[in-house]
Amino acid sequence: SLILKQEVLLATALVYACSNNGQKLLCRVLIDPGSQSSFVTRAFVQRLRLKPSLLKSGININGIGGISKGTLHHVVNLNLSSVHSDDSVTINALMLNQITSNVPRHSVVHLDWSGLSGLQLADEHFATPGPVDILLGADVYPLLILDGLGVSKILDGRLLAQQTIFGWVITG
């Protein structure tokens, strides 16, 4: 039987989210084009002091295998901005208690990160486990990824670096 021991890196970014009083709070986002919707944790909404809007009819959330994960009843409008530039995006995110466990699950030790030199990373701690406050799904993915030449790089035959409005994200 096949046993997978290698940790896989998911695309994370550190971004600012604007609070109700205009204050910018740092948060960690997971960029996941495999998700149809974007999500935010209830705890982060409370930290931002935002008032979620009640959906007239809840949205059923299904996970792998079509298994229902429940119905969500609140949505929040969020303005997210880069810590490196003036780039920003406004999104609607469904509110839930927890998006995922820490990402990555374990620290990733890679002997040669030299392929990343010169890249403005969206999350300099991408290889260190940490909580995720917001998941950005396919509903906003095209607004995040930059297009043109030189916006993606294959590193070490295993990692993909993609340039986003928040900086370079690492996947693989």
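The sections below set out a description of the structure shown in this document. (Residues numbered from 1 in each chain as written. Predicted model: local features only at pLDDT ≥ 70, side-chain atom pairs only at ≥ 80, totals over all residues. Heavy atoms only, no water.)

### Comments concerning the pairing of strand β2 (residues 24-31)
1) Next: Among the 8 residues of β2, 6 are classified as buried, and the element is accordingly described as predominantly covered.
2) Next: As judged from the 7 bridges shared by strand β1 (residues 12-18) and β2, these two strands associate in the antiparallel manner. Paired with leucine 14 across the strands is arginine 28, a residue of β2.
3) Next: Connecting β1 to the next strand, β2, in antiparallel fashion are 5 residues, including glycine 22 with a positive phi near 90°. (Buried < 20%, exposed > 50% of the residue type's maximum accessible area, 1.4 Å probe, protein only. Helix = DSSP H or I, 4+ residues; strand = E, 2+ residues; numbered from the N terminus. Pairing = 2+ DSSP bridges.)

### Concerning the side chain of aspartate 123
1) Next: When you line up the elements, aspartate 123 lands in the loop between β6 (88-96) and β7 (134-136).
2) Next: We classify aspartate 123 as buried; its relative accessible area is 2%.
3) Next: Here the side chain of aspartate 123 touches threonine 12 through a polar contact of 2.7 Å, side chain to side chain.
4) Next: Within the structure, aspartate 123 has its side chain in polar contact with the backbone nitrogen of histidine 125 (distance 2.9 Å).
5) Next: When sequence neighbours within four positions are dropped, the list of residues in contact with aspartate 123 reads Thr12, Ala13, Leu14, Arg28 and Trp168. (Polar contact = N/O pair within 3.5 Å; in protein donor to acceptor, adjacent residues only side chain to side chain. Contact = heavy atoms within 4.5 Å.)

### A short note on the environment of aspartate 32
1) Next: Of note, aspartate 32 is situated in the loop between β2 and β3 (39-41).
2) Next: Judged by relative accessible area, which is 27%, aspartate 32 ranks as partly exposed.
3) Next: Sequence separation between aspartate 32 and alanine 138 is 106 residues, and the spatial gap between their C-alpha atoms is 6.8 Å.
4) Next: Apart from residues no more than four positions distant in its own chain, aspartate 32 is found in contact with Leu135, Leu136, Gly137 and Ala138.

### Re the environment of leucine 14
1) Next: Within the secondary structure, leucine 14 is located in strand β1.
2) Next: A C-alpha to C-alpha distance of 9.2 Å links leucine 14 and leucine 121, two positions 107 residues apart in sequence.
3) Next: Once residues within four sequence positions are removed from consideration, leucine 14 is found in contact with Leu26, Cys27, Arg28, Val83, Ala122, Asp123 and His125.

### Considerations on unusual backbone geometry
1) Next: A cis amide bond, omega -15°, links valine 103 with the succeeding residue proline 104.
2) Next: Tracing the chain through its elements places proline 104 in the loop between β6 and β7.
3) Next: In the Ramachandran plot, arginine 49 falls in the positive-phi region, its phi being about 60° despite a non-glycine side chain.

### Description of the layout of surface pockets
1) Next: The calculated volume of the largest pocket comes to roughly 850 Å³.
2) Next: Along its surface, the largest pocket is lined by 29 residues, and Asp32, Ser35, Gly63, Ile99 and Leu135 are the ones closest to its centre.
3) Next: Taken together, the elements giving at least two residues each to the lining of the largest pocket come down to β4 (53-62) and β5 (68-82).
4) Next: Of the residues forming the lining of the largest pocket, the biggest block, 4 residues, is contributed by β4.
5) Next: Grouping the constituent residues of the lining of the largest pocket by class yields 13 nonpolar, 12 polar and 4 charged. (1 Å grid on protein atoms, 1.4 Å probe; cavity = no way out; pocket = protein on both sides within 12 Å on 5 of 7 lines; lining within 4 Å. Points joined across faces, edges and corners; volume = space filled by probe spheres on them. Nonpolar A, V, L, I, M, F, W, Y, C, P; charged D, E, K, R; others polar.)

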